[in-house]
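Descriptive analysis of the structure
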Amino acid sequence: MTALQANLDKLEEAIASACRAAGRPRGEVELMAVSKTFPAPAILEAASLGLTLFGENRVQEFASKAAALEPIRAATKYHLIGHLQSNKAARAAELFDGVDSLDSVRLAERLHDAAAKSAKRLPVLVEIKLSPEETKTGLEPDSEELARLLELLPGLAGLHMCGLMTIAPWGAPETQTRACFRSLRASRDRWAAAHPRLHFDVLSMGMSGDFALAIAEGATRIRVGTALFGKRAPEPR
Ligand SMILES: *Cc1c(COP(=O)(O)O)cnc(C)c1O
């Protein structure tokens, strides 16, 4: 058995156990394999084990792997989960099957323009910032910009709004992490009621260290990198 197979087995057990504890069917929680920094062969192996949804955080990095992924391209999906500069929106709309880190009106307009040109409807998640750390990307839940974005999205035919994404504060105590996930779910319920033309089905929250808490708080998609592929080399900045 390969390391990846062993990690996946262990992870599946932990997901199943978190679902049982939360009284939720396993089928409600989608596993996204976060393959950022890992080379294409790791993705090919993961796909051979049945994983179909992958998360990448850089346009350029994914572009460099794309050719090697051609044999499995039709059977797999790749979403951008890292911050996207609007000048790279067109390239991202072309390369990815979804953008889970939509965090500005300007980016929404750029992605819509690019997707609409190729008659594509790009699935997006709006990224919400729920922790005070400076480094965290995403829109503040009470911001004017978020309000404008939610007003605008129903009119952007190139985009298919599917829900929300958040990253919990790194290394926070369990109670704070849970509160963060609970807060995303509560915001989702409020905004879904206020914007009946938008879909909010997807709640993407929880990573290697906190996916069990996220599942307890209603996550429908968890994003797991380290627990599957192992430790990442430090990212160049
Ligand atoms: C890297 C990353 C993950 C995966 O984190 P792990 O702790 O390795 O599971 C999930 N979500 C986002 C947005 C990331 O950038």
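Heads up: the structure comes first, above all this text.
Residues numbered from 1 in each chain as written. Predicted model: local features only at pLDDT ≥ 70, side-chain atom pairs only at ≥ 80, totals over all residues. Heavy atoms only, no water.

Digging into the nonpolar core
- Judged by nonpolar contacts, the single largest core of 69 residues is most densely connected at Leu111, Val126 and Leu153.
- Residue contacts for Val126: discarding those within four places in its chain leaves Leu102, Leu139, Leu146, Leu149, Leu153, Met161, Gly163, Leu164 and Met165. (Core = buried A, V, L, I, M, F, W, Y, C linked by side-chain atoms within 4.5 Å. Buried < 20%, exposed > 50% of the residue type's maximum accessible area, 1.4 Å probe, protein only. Contact = heavy atoms within 4.5 Å.)

Topic: the pairing of strand S6 (residues 159-166)
- Most of S6 sits out of view: seven of its eight residues are buried.
- Bridging between strand S5 (residues 122-128) and S6 involves seven bridges; their strand directions are parallel. Across the sheet, the residue bridging to Leu125 is Gly163, located in S6.
- Both S6 and strand S7 (residues 202-204) contribute to a ladder of three bridges, which runs parallel. (Helix = DSSP H or I, 4+ residues; strand = E, 2+ residues; numbered from the N terminus. Pairing = 2+ DSSP bridges.)

Examining the site of the ligand
- Lining the immediate surroundings of the ligand are Val34, Lys36, Ile81, Ile167, Met207, Ser208, Arg223, Val224, Gly225, Thr226 and Arg232.
- Gly225 is positioned with one of its backbone polar atoms (N or O) 2.8 Å from an oxygen atom of the ligand.
- Interatomic distance of 2.5 Å between a side-chain N/O atom of Thr226 and an oxygen atom of the ligand.
- Protein chains bury 90% of the 390 Å² of accessible surface belonging to the ligand in isolation. (Near = heavy atom within 4 Å. Polar contact = N/O pair within 3.5 Å; in protein donor to acceptor, adjacent residues only side chain to side chain. Areas by Shrake-Rupley, 256 points an atom, 1.4 Å probe, with all protein chains shown as cover.)

Concerning the pattern of salt bridges
- By the definition in use, this model includes 12 salt bridges.
- Between Glu56 and Lys65 there is a salt bridge, with its nearest N and O atoms 2.7 Å apart. (Salt bridge = Lys/Arg side-chain N within 4 Å of Asp/Glu carboxyl O.)

Details of unusual backbone geometry
- Even without being glycine, Thr37 reaches a positive phi, approximately 75°.
- Mapped onto the elements, Thr37 comes out in the loop between strand S1 (30-34) and helix H2 (40-48).
- The class of Thr37 is partly exposed, set by a relative accessible area of 31%.
- For Ala119, which is not glycine, the phi torsion reads 50° and is therefore positive.
- Assignment of secondary structure puts Ala119 in the loop between helix H5 (105-117) and S5.
- Residue Ala119 is classed as exposed on the basis of its relative accessible area, which comes to 72%.

A short note on the packing of aromatic side chains
- The full count for this structure, using the stated rule, is four aromatic pairs.
- For the pair Phe54 and Tyr78, a centre-to-centre distance of 5.5 Å together with 20° between the ring planes defines the contact as stacked. In this pair, Phe54 sits in strand S2 (residues 53-56) while Tyr78 sits in strand S3 (residues 77-80), placing the two residues 24 residues apart along the sequence. (Phe/Tyr/Trp six-rings, centres within 6.5 Å; stacked < 30°, edge-to-face > 60°.)

Topic: the side chain of Asp100
- Here Asp100 shows up in strand S4 (residues 98-102).
- Within the structure, Asp100 has its side chain in polar contact with the side chain of His79 (distance 2.9 Å).
- Non-local contacts of Asp100, meaning those with residues more than four positions away in its chain, are made with Met32, His79, Leu80, Ile81, Leu125, Glu127, Met165 and Arg221.

Overview of the environment of Pro141
- On the secondary structure map, Pro141 appears in the loop between S5 and helix H6 (144-152).
- Sequence separation of Pro141 and Leu184 is 43 residues, and the distance between their C-alpha atoms is 8.8 Å.
- Leaving out residues up to four positions away in the same chain, Pro141 has contacts with Ile128, Lys129, Leu130, Leu146 and Trp191.

Overview of the packing of H5 against H6
- With their axes 9 Å apart at the nearest point, H5 and H6 run at an angle of 25° to one another. Between H5 and H6, the interaxial angle falls into the category roughly parallel. Two secondary-structure elements touch here, H5 through Val105, Arg106, Ala108 and Glu109 and H6 through Glu145, Arg148, Leu149 and Leu152.
- For the contact of H5 with H6, the per-class residue count stands at four nonpolar, no polar and four charged. (Axes fitted to C-alpha atoms, helices over the stretch in contact; angles between N-to-C directions. Parallel < 35°, antiparallel > 145°, perpendicular 65-115°, else oblique. Nonpolar A, V, L, I, M, F, W, Y, C, P; charged D, E, K, R; others polar.)

Description of the state of the cysteines
- In this structure the tally under the stated criterion is zero disulfides.
- A disulfide-free cysteine, Cys180 has its sulfur positioned 19 Å from the sulfur of Cys19, the nearest such atom.
- By relative accessible area, which is 6% here, Cys180 ends up buried. (Disulfide = S-S within 2.5 Å.)

Structural notes on the pairing of S2
- Alternating positions in S2 separate into two faces, Leu53 and Gly55 on one and Phe54 and Glu56 on the other, with burial throughout.
- In the classification by handedness, the crossover that spans S1, the intervening H2 and the parallel S2 is right-handed.
- Note: S2 against S3, four bridges, orientation parallel. For Leu53, the partnering residue across the bridge sits in S3 and is Lys77.
- Following the backbone out of S2, through helix H3 (residues 59-66) and into the adjacent parallel S3, one traces a crossover that is right-handed. (Right-handed = clockwise from strand over helix to strand, strands pointing away.)

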